[in-house]
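Okay, here's what each chain looks like letter by letter:
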Amino acid sequence: MEGYFIAIAISVLVYLLMASGLALQYGFTGLVNFGHVGFFAIGSYASALLALKGVPVPVSLAAAALLAALAAYPIGIIALRLGGDYLAIVTLGFSEAVRMTLQTEEWLTRGMHGLPGIPRLFAGWVEPRYIDLCILMLLVVVCIAVFFAIHQIIKSPFGRVIEAIRDNEVAVRALGKNPAQFKTRSLMIGAGIAGLAGGLQAHYLTFISPEQYVPLITFYIWIAIVLGGVGSLRGVVMGTVLLVGFLEGSRFLRDIFTGISEVQLASVRIWIIGMALICVVLYRPQGLFGKSAERKH
């Protein structure tokens, strides 16, 4: 049972890293990114492939974050100059293009067979029974560092500009700033964080395949930040904990309602999440842990 709770906590922290990147893009910059899972996939495969070639895991993780951030650059250059709606469409198409590439380029990714045998974090450094606990502790440290970095970014002159872009882009242009440059940087930082999360998950699971990176993952992250509160780092944390806790905890419903199949339970789970999201939007549009009058950081 202890191992199960550690696994849930690791899942929460991986989602939390992804949510923090999306929160920077949408909550503080106003970028509608429907392809966040694409950067997550790039990070996973980049780190896994490099590690399988003998590159040290810390170097592989750094490369995963860098490659994911670089992948966001051309998207920002193309889409951000056209408008927010275009960014949503382009990023969604991008994530599906990444997944299709992972499926078809078998010479590199082994396609639908997936990549097994990925070097595990802390393997050979600690006893096998303590590896999951060490990974959990590492993820806690990484999440704290990432949230501290985002907080510092928001408080910096760069952060004040991106928040101004979110609230009134026309006014920012009138002040002589180029919103596209700032939005591209924000998109790259968020993508880099997602890439790092993907690399960490790959070295935790030791096996990855393209079907792990479907668009539903992106929309789970969106649900988490909307539930918690857009533009609130505390809301990102609480929304992610609530969402992943529900997704994992609801698996026990089969022990209570034995007549429900796994497929039926999945449908009920999605229905409950959807209804909760509708209720939040209707009665608490600022999120469960956000404030309507001001955005808390």
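Everything discussed here concerns the structure shown above.
Values in this document were obtained by computation on a predicted structure and should not be read as measured data.

1. What to know about the nonpolar core
In this structure, Ile10, Leu17, Phe39, Leu139, Leu200 and Ile208 are the most contacted members of the largest nonpolar core, which totals 85 residues. Here this core takes 14 residues from helix H1 (residues 2-27), the largest share from any one element. Setting aside chain neighbours within four positions, we find Leu200 in contact with Leu17, Leu61, Leu121, Leu138, Leu139 and Val142.

2. Some points on the packing of aromatic side chains
Across all of its chains, the model carries 9 aromatic pairs by this definition. A cation over a ring is seen here: Arg185 above Phe182, with NZ or CZ 5.3 Å from the ring centre.

3. Side note on the side chain of Thr109
Within the secondary structure, Thr109 sits in helix H5 (residues 106-109). Residue classification places Thr109 among the buried positions, given a relative accessible area of 3%. A distance of 2.5 Å separates the side chain of Thr109 from the backbone oxygen of Leu102, its partner in a polar contact.

4. Digging into the layout of surface pockets
Its boundaries defined by the atoms lining it, the second largest pocket holds a volume of some 240 Å³. Lining the second largest pocket are 13 residues, and of these Val57, Pro58, Leu61, Leu121 and Trp125 lie nearest its centre. Going through the elements one at a time, helix H3 (57-79), helix H6 (131-155) and helix H9 (179-205) are the ones with two or more residues in the lining of the second largest pocket. Sorting elements by how many residues they give to the lining of the second largest pocket places H3 first, with 4 residues. A breakdown of the residues in the lining of the second largest pocket according to their chemical character gives 12 nonpolar, no polar and 1 charged.

5. Re the environment of Ile144
Tracing the chain through its elements places Ile144 in helix H6. Each C-alpha atom of the pair Ile144 and Leu17 lies 9.6 Å from the other, and the pair is 127 residues apart in sequence.

6. Re the pattern of salt bridges
Evaluation of the coordinates by the stated rule reveals 7 salt bridges. Of the charged contacts, one joins Glu127 and Arg129 as a salt bridge, the two residues approaching to 3.1 Å between their closest N and O atoms. Under the relative-accessibility criterion, Glu127 is labelled partly exposed at 42%. Given the relative accessible area of 62%, Arg129 is considered exposed. Close ionic contact of Glu163 with Arg166 constitutes a salt bridge, the shortest N to O distance being 3.8 Å. Here the residue Glu163 and the residue Arg166 both occupy positions in helix H7 (residues 157-167), the gap between them amounting to 3 residues, near one helical turn.

7. Here we look at the packing of H3 against H9
The axes of two packed helices give the description: the angle between them and the distance between them. Taken N-terminus to C-terminus, the directions of H3 and H9 make an angle of 145 degrees; their axes are 7 Å apart at the nearest point. In terms of crossing hand, the pair formed by H3 and H9 is right-handed.

8. Looking at the state of the cysteines
Put plainly, a disulfide is one covalent bond tying together the sulfur atoms of two cysteines. For the structure on display, the rule yields 0 disulfides. You can see Cys134 has no disulfide; the closest cysteine sulfur is in Cys143, sitting 16 Å from it. Among the residues examined, Cys143 registers a relative accessible area of 5% and is labelled buried.

9. Considering the packing of helix H2 (residues 36-52) against H3
At a closest axis distance of 8 Å, the pairing of H2 and H3 adopts a crossing angle of 140 degrees. Comparing the axis directions of H2 and H3 gives the class oblique. Here H2 runs over H3; the crossing is right-handed. Contacts from Phe39, Ile42, Gly43, Ala46, Ser47, Leu50 and Ala51 of H2 reach H3 at Ser60, Leu61, Ala63, Ala64, Leu67, Ala68, Ala71, Ala72 and Ile75. Grouping the amino acids of the contact of H2 with H3 by side-chain chemistry returns 13 nonpolar, 3 polar and no charged.

Definitions and limits used
- Residues numbered from 1 in each chain as written.
- Predicted model: local features only at pLDDT ≥ 70, side-chain atom pairs only at ≥ 80, totals over all residues.
- Heavy atoms only, no water.
- Core = buried A, V, L, I, M, F, W, Y, C linked by side-chain atoms within 4.5 Å.
- Buried < 20%, exposed > 50% of the residue type's maximum accessible area, 1.4 Å probe, protein only.
- Helix = DSSP H or I, 4+ residues; strand = E, 2+ residues; numbered from the N terminus.
- Contact = heavy atoms within 4.5 Å.
- Phe/Tyr/Trp six-rings, centres within 6.5 Å; stacked < 30°, edge-to-face > 60°.
- Lys NZ or Arg CZ within 6 Å of the ring centre and 35° of its normal.
- Polar contact = N/O pair within 3.5 Å; in protein donor to acceptor, adjacent residues only side chain to side chain.
- 1 Å grid on protein atoms, 1.4 Å probe; cavity = no way out; pocket = protein on both sides within 12 Å on 5 of 7 lines; lining within 4 Å.
- Points joined across faces, edges and corners; volume = space filled by probe spheres on them.
- Nonpolar A, V, L, I, M, F, W, Y, C, P; charged D, E, K, R; others polar.
- Salt bridge = Lys/Arg side-chain N within 4 Å of Asp/Glu carboxyl O.
- Axes fitted to C-alpha atoms, helices over the stretch in contact; angles between N-to-C directions.
- Left-handed = near helix turned anticlockwise from the far one by under 90°.
- Disulfide = S-S within 2.5 Å.
- Parallel < 35°, antiparallel > 145°, perpendicular 65-115°, else oblique.

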